[in-house]
Amino acid sequence: MDTLRTTVISACTGALALSLAEGVLPLERFQKQIRLLTAILMMTLILRPLLHLPEAALPVPDIRGDLQTADITERLHEMQESAISDSICDALNNAFREKCIPCKVTGCDLHIDETGSIIINEVTVTGNLLTGRVYLREWLGEDISVREEGVHSE
């Protein structure tokens, strides 16, 4: 409790002294330097008493939680694939709009291999499937599977 009181008194005294110093000095010319010094002095005044606390008084939280490194890596990989899939769907839909084709890409099933290459397995579309399939195979290659939304096979 004594440390907390010392910290508060130091911070208040420092704030008062720095406010008086800012009032005396010309702010327009040295404003950035005064603000930087104020921030450094305030942090020093607040942290100095706290640094003398025993370790048990300031417990360090365990930020790792239950996730292991493999779980985090797998989750990041899934998020990366999802973001890439969304970007590809947006790009294909923009291309359909530019060509005035009544077709919309609703999903893109892909994976990223060990070399970092993006491999598109299947594209799901709605609308004019026949014209959409022709353009998708032209843009993405002949081996791309194109399926209508709600139908399980091509």
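Residues numbered from 1 in each chain as written. Predicted model: local features only at pLDDT ≥ 70, side-chain atom pairs only at ≥ 80, totals over all residues. Heavy atoms only, no water.

Trainee: Which residues make up unusual backbone geometry, and what values do they have?
Mentor: Even without glycine at this site, Cys-100 takes up a positive phi of about 60 degrees. As for its position among the elements, Cys-100 is in the loop between α3 (69–98) and β1 (103–112). Given a relative accessible area of 66%, Cys-100 falls into the exposed group. (Helix = DSSP H or I, 4+ residues; strand = E, 2+ residues; numbered from the N terminus. Buried < 20%, exposed > 50% of the residue type's maximum accessible area, 1.4 Å probe, protein only.)

Trainee: How would you explain helix α4 (residues 129–140) if you had to name every residue and give the values?
Mentor: Taking 1.5 Å per residue, 12 residues should reach 16 Å; α4 reaches 15 Å between its end C-alpha atoms and fits that length. Looking only at α4, the buried set comprises Leu-129, Gly-132, Arg-133 and Leu-136. For α4, the angular spread of the buried residues around the axis is 100 degrees, confining them to a single face. More than 90 degrees from the buried face of α4, the exposed residues found are Leu-130, Val-134 and Glu-138. One or two positions beyond α4, positive phi appears at Gly-141, with a value near 115 degrees. (Expected span 1.5 Å × (residues − 1). Arc of directions from axis to C-beta.)

Trainee: Give a detailed account of the pairing of strand β3 (residues 145–148), specifying residues and quantitative values.
Mentor: Sheet topology places strand β2 (residues 118–127) next to β3; four bridges connect them, and they run parallel. Bridged to Thr-124 within β3 is Arg-147. What joins β2 to β3 is α4, and the crossover it makes is right-handed. (Pairing = 2+ DSSP bridges. Right-handed = clockwise from strand over helix to strand, strands pointing away.)

Any functional reading would require information that these geometric values do not contain.
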